[in-house]
Amino acid sequence: MSAVDLRLCAARVKQGDAAAFRQVVEHTRVNLYRLAARLMGNVADAEDALQDGYVSAYRGLVDGRYDGRAKLETWLYRIVANACIDQLRKRKPRGEESEIEAKFDGLVSAEARVALRELDAMLATLSPQDRAAIVLVHVEGMTVREAAETLGTTEGAMEQRLLRARAALRKKGDDQEATSG
Amino acid sequence: MGKGQEVDDKLGAIAAATEDLRPSDELTRATLDRVLAAEPVESSLLQLGDATRAIAPADTFTDAVMARILGSVADAPVGDDAFASIAARTAHLRPQDGFTDAIMAEVAPGGTLSDGILRSARPSLLVAAFAAAACLVVSWLAERDYAQESMAVTAAEVSE
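Quantities reported herein were computed from a predicted structural model and do not represent experimental measurements.

Caption draft 1: Broad picture of helix α8 (residues 155-180) of chain A. Compared with the 38 Å implied by 1.5 Å per residue over 26 residues, the 37 Å span of α8(A) between its first and last C-alpha is a close match. Taken as a whole, α8(A) has its buried residues at Met158(A), Leu162(A), Ala165(A), Arg166(A), Leu169(A) and Lys172(A). On its buried face, α8(A) is in contact with α5 (110-122), α6 (128-139) and α7 (144-150) of chain A together with α3 (40-51) of chain B.

This is the structure we're talking about:
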């Protein structure tokens, strides 16, 4: 489905056709699911955040908060990233083995599950915003500009955030090496 | 042929001869390994990105999202739609049969049967009110007489 079609779906949702939102979800869910999983570090939290994000996006469409200037996908990326950041802020620390079971567990291989856990552990000390910056640029493969647009900030601020986050990750790696060695 | 032309021809030949040069996959891998080894954090992140690339939601996920959205539509705070809802719920309201006659009695000078009833209602109400007041007065007088008689009887008994 092209971006134009998605905009049409968005327009239909705005006019009160809630069912048209299904097409938006169907078309965007795979990328957004992966994004949420990488940001949250596990599938269960990702599902919650993604659902919150979609509900928020639906209300945004109905209320006319999507102005059509950006691609709908970009707008959704921003909403879902923010939903994840909100959830990360509220997240309470939990043990490594206490991962909550996912409700709609789809195509998530054992390897991917392990990778998510590693990613979560690696980024655990970062602030939610720094974590999101790292994931968008270094895991999702976005440019700094795209990541800045997604998180609603400037490229300069994003560069600063990335520098700080990378420095923190390197220091953490060095500390771990020193402890183990 | 000048010297310059000779150089150009030679360079052109070299360009043509080397046009199909491609790095081997091994070289690409080795280069990437070297680059990534220099940046261990980025390397780890890239590997984790690769390992999570195939993640996809279950088919039931969309249904769950839609259920939440449709639920949120039902629970949505009252807004402009509230007026439509009120309009729908009040669409069947009808005035009582006498309403039109009462309105016509106010606006139409001509007399209809109900108009006449309405006009005669006012004096009827006055008569009824007067009668009720009269009943109250009679009742009060009777009570007063009864009380006086009771006192007289009691005084006679005491004197006896």
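Caption draft 2: Looking closely at the nonpolar core. Phe21(A) and Leu72(A) are the most contacted members of the largest nonpolar core, which totals 69 residues. Setting aside residues no more than four positions away along its own chain, Phe21(A) makes contact with Val13(A), Tyr54(A), Ala57(A), Tyr58(A), Leu61(A), Met66(B) and Ile69(B).

Caption draft 3: Here's a closer look at the confidence of the model for chain B. Residues and elements named next belong to chain B. For chain B, the mean per-residue pLDDT works out to 66, and 48% of the residues sit at or above 70. Across chain B, the element-wise mean pLDDT spans from 42 in helix α5 (residues 81-89) up to 84 in α3. Counting interchain partners and residues more than four positions distant, the pLDDT-below-50 stretch residues 77-96 has zero contacts. Scoring the predicted complex yields pTM 0.60 and, for the interface, ipTM 0.72.

Caption draft 4: Region of interest: helix α4 (residues 72-90) of chain A. In a regular helix each residue adds 1.5 Å, so 19 residues correspond to 27 Å; α4(A) covers 27 Å between its end C-alpha atoms and thus fits that length. The complete set of buried residues in α4(A) reads Leu72(A), Trp75(A), Leu76(A), Tyr77(A), Ile79(A), Val80(A), Ala81(A), Ala83(A), Cys84(A), Ile85(A), Gln87(A) and Leu88(A).

Caption draft 5: Quick look at the packing of aromatic side chains. Residue and element names in this part refer to chain A. Counted under the stated rule, the structure contains four aromatic pairs over all chains. Aromatic pair Phe21 and Tyr54: ring centres 6.1 Å apart, planes at 85 degrees, arrangement edge-to-face. Separated by 33 residues along the polypeptide, Phe21 in helix α2 (residues 21-40) and Tyr54 in helix α3 (residues 43-62) bring together distant segments of the chain. Relative accessible area serves as the criterion here: at 0%, Tyr54 is assigned to the buried category. A ring pair is formed by Phe21 and Tyr58, whose centres lie 5.4 Å apart and whose planes are at 75 degrees; its orientation type is edge-to-face. In this pair, Phe21 is assigned in helix α2 and Tyr58 in helix α3, connecting sequence segments 37 residues apart. By relative accessible area, Phe21 is classed as buried at 0%. One aromatic cluster is present, built from ring pairs that chain together Phe21, Tyr54 and Tyr58.

The rules behind the values
Residues numbered from 1 in each chain as written. Chains lettered and ligands numbered in written order. Predicted model: local features only at pLDDT ≥ 70, side-chain atom pairs only at ≥ 80, totals over all residues. Heavy atoms only, no water. Helix = DSSP H or I, 4+ residues; strand = E, 2+ residues; numbered from the N terminus. Expected span 1.5 Å × (residues − 1). Buried < 20%, exposed > 50% of the residue type's maximum accessible area, 1.4 Å probe, protein only. Contact = heavy atoms within 4.5 Å. Core = buried A, V, L, I, M, F, W, Y, C linked by side-chain atoms within 4.5 Å. pLDDT = per-residue confidence, 0-100. Phe/Tyr/Trp six-rings, centres within 6.5 Å; stacked < 30°, edge-to-face > 60°.

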